[in-house]
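Structural overview
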Amino acid sequence: QNYLDNFWPDLKAAHELFDSIVQARRERESESQENHGKEYPEHLPVEVLEAGIKSGRYLQGTLNVNKHRAQLEAFVRLQGIGSKDTG
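The protein chain goes by DI3L1 exonuclease in an unreviewed UniProt entry, where it is assigned to Hylia prasina.

**Side note on the overall build of the protein chain**
Regarding its fold elements, the protein chain presents three helices and two strands. A total of 87 residues make up the protein chain; the buried ones form 5% of that total. Within the protein chain, residue pairs in contact and separated by at least 24 positions form 0% of the contacts whose partners lie at least 6 positions apart. As displayed, the protein chain has an accessible area near 8,200 Å², and 53% of this comes from carbon and sulfur atoms.

**Quick look at the packing of aromatic side chains**
Here the structure, examined in full by the defined rule, presents one aromatic pair. Residues Tyr3 and Phe7 carry aromatic rings whose centres are separated by 5.2 Å and whose planes lie at 40° to one another, so their mutual orientation is tilted. Of this pair, Tyr3 and Phe7 are both found in helix α1 (residues 2-7), four residues apart, which corresponds to roughly one turn of the helix. Note on Phe7: relative accessible area 58%, which makes it exposed.

**A look at a nonpolar patch on the surface**
A surface patch of nonpolar side chains, amounting to about 480 Å² of accessible area, comprises Tyr3, Phe7, Trp8 and Leu11. Along the chain, the position of Leu11 falls in the loop between α1 and α2 (12-34). Under the relative-accessibility criterion, Leu11 is labelled partly exposed at 40%.

**Here we look at the pattern of salt bridges**
Counted by the stated rule, this structure contains three salt bridges. Between Glu16 and Lys12 there is a salt bridge, with its nearest N and O atoms 3.9 Å apart. On the criterion of helical spacing, the pair formed by Glu16 and Lys12 is a turn pair, its members being four residues apart in helix α2. On the basis of relative accessibility, which here comes to 45%, the residue Glu16 falls in the partly exposed class.

Calculation rules
Residues numbered from 1 in each chain as written. Predicted model: local features only at pLDDT ≥ 70, side-chain atom pairs only at ≥ 80, totals over all residues. Heavy atoms only, no water. Helix = DSSP H or I, 4+ residues; strand = E, 2+ residues; numbered from the N terminus. Buried < 20%, exposed > 50% of the residue type's maximum accessible area, 1.4 Å probe, protein only. Contact = heavy atoms within 4.5 Å. Areas by Shrake-Rupley, 256 points an atom, 1.4 Å probe, with all protein chains shown as cover. Phe/Tyr/Trp six-rings, centres within 6.5 Å; stacked < 30°, edge-to-face > 60°. Patch = residues over 30% accessible without salt bridge, like charges linked within 9 Å, V, L, I, M, F, W, Y side chains within 5 Å. Salt bridge = Lys/Arg side-chain N within 4 Å of Asp/Glu carboxyl O.

So, in structure tokens, the structure goes:
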């Protein structure tokens, strides 16, 4: 803000862009506080997931994503199942 005020006081577009970025950052911080510091909201409460895993309704695994082709390649390795049975 100081840089824009001191060196580019007449550049309206830059000031508008800066204000937009500040507002977006404030909104993101307030959403983060509402979610107790979590970046993404939970889809199901932890208790429901734990009960579903114990009952066998849900499976627990590890998501592996190809860092070079993240949009195209990923797989889940299920816990307690051999590597041949991943899908």
